[in-house]
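# Report on the structure
Residues per chain, in single letters:
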Amino acid sequence: MRAADLAKEWGYKRLTLLEFGVAAGAGLLNICRIAAEVTKVTGIEFRVVGFDTGTGMPEPIDYRDLPEAYAAGDFPMDADRLRASLPPNCELILGPITETLPEFLSTVDASAPIGFASVDVDYYSSAKDSLAAFTGDPEKYLPLVPIYLDDIGDITVNPWVGEWLAVNEFNAENPMRKMAPWNMLRSRRICKNAKWIEHIYGLHVHDHALRTPGRQLRARRTADNEFIGVSFETEAA
Ligand SMILES: C[S@@+](CC[C@H](N)C(=O)[O-])C[C@H]1O[C@@H](n2cnc3c(N)ncnc32)[C@H](O)[C@@H]1O
């Protein structure tokens, strides 16, 4: 809902929503169901994309992947069954994320930028692979993208292992992209003890045109005034 509100504020009509780590599909189906409700009340449409090996967890690389909690083969998936229950606006992309991400990213542009992601791949190494999704050209993203980080709350996670380490490395390696806890979210909620609040981060795309002085987003339309996407222009243009 927050992503749709931001999209409306910034003039977008369609967003891409991602889930890294699908397993049996509970989260992906929930995203699809909630997205359909959000479309009804905001008019924003969604492309939903889930990523998974299709064969469960890969081998952990070392202690940073939390072998005390996860092992190769955990979370198997019945891909055919899951695909049969997905709506037409949802894609399931199977294979190691490092292998499947580049081709997917080449399909994303400002007509449906990435507006939300759930990262639930448990390992440090897999989270690092997933966060590469946020290093593409700036127009592939909302200027601020709500992110759900499932695995920062595991009790053996800390800044040196697991998803938390992957986030810290992402911030260190990307000068114009930063992931930070969503500002003041708890104080804006009625149910202040809800656990999910601490899982919500924002991806700040500081090199986005809308966060760059003197640049503006403009709707592109056909001669019949049909919306076909957005482009960025300087104020003088
Ligand atoms: C905890 S489960 C996901 C649970 C899911 N979000 C849900 O709602 O039930 C973690 C998933 O991440 C996937 N995964 C972990 N590392 C991966 C990688 N490098 N590439 C693709 N999928 C990966 C595993 O196959 C596993 O299904």
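Residue positions are counted from 1 within each chain, in the order its sequence is given. Local features are withheld for residues below a pLDDT of 70 in this predicted model, meaning they are given only at 70 or higher, and side-chain atom pairs are given and counted only at 80 or more; totals for whole chains, interfaces and linings count all residues. Calculation of side-chain values draws on the structure's entire complement of heavy atoms; hydrogens and water are dropped beforehand.

Before going further, it helps to spend a moment on the site of the ligand. Distances are taken per atom, and a residue is near a molecule or strand as soon as one of its heavy atoms is within 4 Å of it. The environment of the ligand is formed by 19 residues, the closest being Gly21, Gly27, Asp52, Asp120 and Ser126. Think of a polar contact as two N or O atoms within 3.5 Å of one another; within protein, one of them needs to be a possible hydrogen donor and the other a possible acceptor, and neighboring residues in sequence only count if both atoms come from side chains. One nitrogen or oxygen atom from the main chain of alanine 23 is found 3.4 Å from an oxygen atom belonging to the ligand. The contact in question runs from an oxygen atom of the ligand to an N or O atom on the backbone of phenylalanine 75, over 3.5 Å. Contact with the protein chains hides 90% of the accessible area of the ligand, taken as 610 Å² for the molecule alone. The cavity where the ligand resides is the second largest pocket. Here the shell around the ligand is built from residues that sort into 9 nonpolar, 6 polar and 4 charged. Residue exposure ignores everything except the shown protein chains as possible cover, and the areas themselves are Shrake-Rupley values with a 1.4 Å probe. Grid points spaced at 1 Å over the protein atoms alone were grouped into cavities, where a 1.4 Å probe fits but cannot get out, and pockets, open sets with protein on both sides within 12 Å along at least five of seven lines, with lining residues defined by an atom within 4 Å of a point. Assignment of a molecule to a cavity or pocket requires that more than half of its atoms lie within 2 Å of the corresponding grid points. Three classes are used: nonpolar for Ala, Val, Leu, Ile, Met, Phe, Trp, Tyr, Cys and Pro, charged for Asp, Glu, Lys and Arg, and polar for all others, with Gly counted as polar.

The subject of this paragraph is helix α5 (residues 124-131). The buried fraction of α5 is high, at 6 of 8 residues. Residue burial is assigned from relative accessible area. The probe radius is 1.4 Å, only protein chains are included, and a residue is buried under 20% of its type maximum, exposed over 50%, and partly exposed in between. Strands are runs of DSSP state E lasting at least two residues, helices are runs of H or I lasting at least four, and both sets are numbered from the N terminus onward. Among the residues of α5, those classed as buried are Tyr124, Ser125, Ser126, Ala127, Ser130 and Leu131. Residues of α5 that are buried sit in contact with β1 (14-20), α4 (97-105), β4 (114-119), α6 (162-173) and β6 (177-181). What makes two residues a contact is simply this: any of their non-hydrogen atoms within 4.5 Å.

So, about the side chain of aspartate 65. Within the fold, aspartate 65 resides in the loop between β2 (45-52) and α3 (79-84). In summary, the charge assignment counts Lys and Arg as positive and Asp and Glu as negative, without counting His or the chain termini. By definition, a salt bridge exists where a carboxyl oxygen of Asp or Glu is found within 4 Å of a side-chain nitrogen of Lys or Arg. Buried charge aspartate 65 goes without a salt bridge, the closest partner of opposite sign being arginine 64 at 6.5 Å. Only 2.7 Å separates the side chain of aspartate 65 from the backbone nitrogen of isoleucine 61, close enough to count as a polar contact. A distance of 2.8 Å separates a polar atom in the side chain of aspartate 65 from the backbone nitrogen of serine 125. Apart from the residues within four sequence positions on either side, aspartate 65 is in contact with Glu59, Pro60, Tyr70, Tyr123, Tyr124 and Ser125.

The next thing to look at is the layout of surface pockets. Counted as a void, the largest pocket has a volume near 840 Å³. Along the wall of the largest pocket there are 26 residues; nearest its centre are Met1, Arg2, Phe116, Trp196 and Ile200. Looking at the lining of the largest pocket, the elements with two or more residues in it are α1 (2-10), β1, α2 (26-42), β4, β5 (144-149) and α7 (185-188). Of the residues assigned to the lining of the largest pocket, the class counts are 16 nonpolar, 3 polar and 7 charged. Grid points are joined across faces, edges and corners, and a volume is the space filled by probe spheres set on the points. Taken as a whole, the second largest pocket encloses approximately 390 Å³ of empty space. Forming the walls of the second largest pocket are 25 residues, and the residues nearest its centre are Thr53, Met57, Pro58, Val121 and Ser126. At the level of secondary structure, the elements contributing two or more residues to the lining of the second largest pocket comprise α2, β2, α4 and α5. Looking at which element gives the most residues to the lining of the second largest pocket, the answer is α5, with 3 residues.

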